[in-house]
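An overview of the molecular structure
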Amino acid sequence: MPLPWLQIVQLVPSILDVSRELLRKSKRLPAPPVTPGDGNTDAVAVRLAQLEENEQRQAELISQMAEQIANLTRAVTALHRRAIWLTAGMSAAIVVAVIAIVR
């Protein structure tokens, strides 16, 4: 019964890649300072739109990361189940072998 080591090893780097992408996309040059009452409402509107876009991208990347972690959890759970079945099968084989020797 093969263990899904390949899946586990493949998922961890993709989680790291998504984290790096999140950091890269969230880094931007700071907007020029806007003082209240100077009539520069366009700059405020542009900055607000940039912030909303950035939040949306971060939410998408976090969603991708959550999906990758869920996949990793499923792979580890499958690995654990297979290890339990392998241990149970080996234990049963040893018991059968001991019984055969004792008879």
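Residues numbered from 1 in each chain as written. Predicted model: local features only at pLDDT ≥ 70, side-chain atom pairs only at ≥ 80, totals over all residues. Heavy atoms only, no water.

**Some remarks on the overall build of the protein chain**
The number of helices and strands found in the protein chain is 2 helices and 0 strands. Here the protein chain holds 103 residues, and 14% of them are scored as buried. For the protein chain, contacts bridging at least 24 residues in sequence account for 90% of all contacts bridging at least 6. When the accessible surface of the protein chain is summed, it comes to about 8300 Å², and 66% of that surface belongs to carbon and sulfur atoms. (Helix = DSSP H or I, 4+ residues; strand = E, 2+ residues; numbered from the N terminus. Buried < 20%, exposed > 50% of the residue type's maximum accessible area, 1.4 Å probe, protein only. Contact = heavy atoms within 4.5 Å. Areas by Shrake-Rupley, 256 points an atom, 1.4 Å probe, with all protein chains shown as cover.)

**As for the environment of Lys 25**
Tracing the backbone shows Lys 25 in helix 1 (residues 5–26). In this structure the C-alpha to C-alpha distance between Lys 25 and Asn 54, which are 29 residues apart in sequence, comes to 7.8 Å. Apart from residues lying up to four places away in sequence, Lys 25 is in contact with Asn 54, Arg 57 and Leu 61.

**A look at the pattern of salt bridges**
Enumeration over the complete set of coordinates arrives at 1 salt bridge. For the salt bridge of Glu 53 with Arg 57, the shortest nitrogen-to-oxygen distance reads 3.7 Å. Of this pair, Glu 53 and Arg 57 both sit in helix 2 (residues 41–102), 4 residues apart, roughly one helical turn. According to the relative accessible area criterion, Glu 53 is partly exposed, its value standing at 39%. (Salt bridge = Lys/Arg side-chain N within 4 Å of Asp/Glu carboxyl O.)

**Notes on a nonpolar patch on the surface**
Together, Ile 94, Val 98 and Val 102 make up a nonpolar patch on the protein surface, roughly 300 Å² of accessible area in all. Structurally, the position occupied by Val 102 is in helix 2. (Patch = residues over 30% accessible without salt bridge, like charges linked within 9 Å, V, L, I, M, F, W, Y side chains within 5 Å.)

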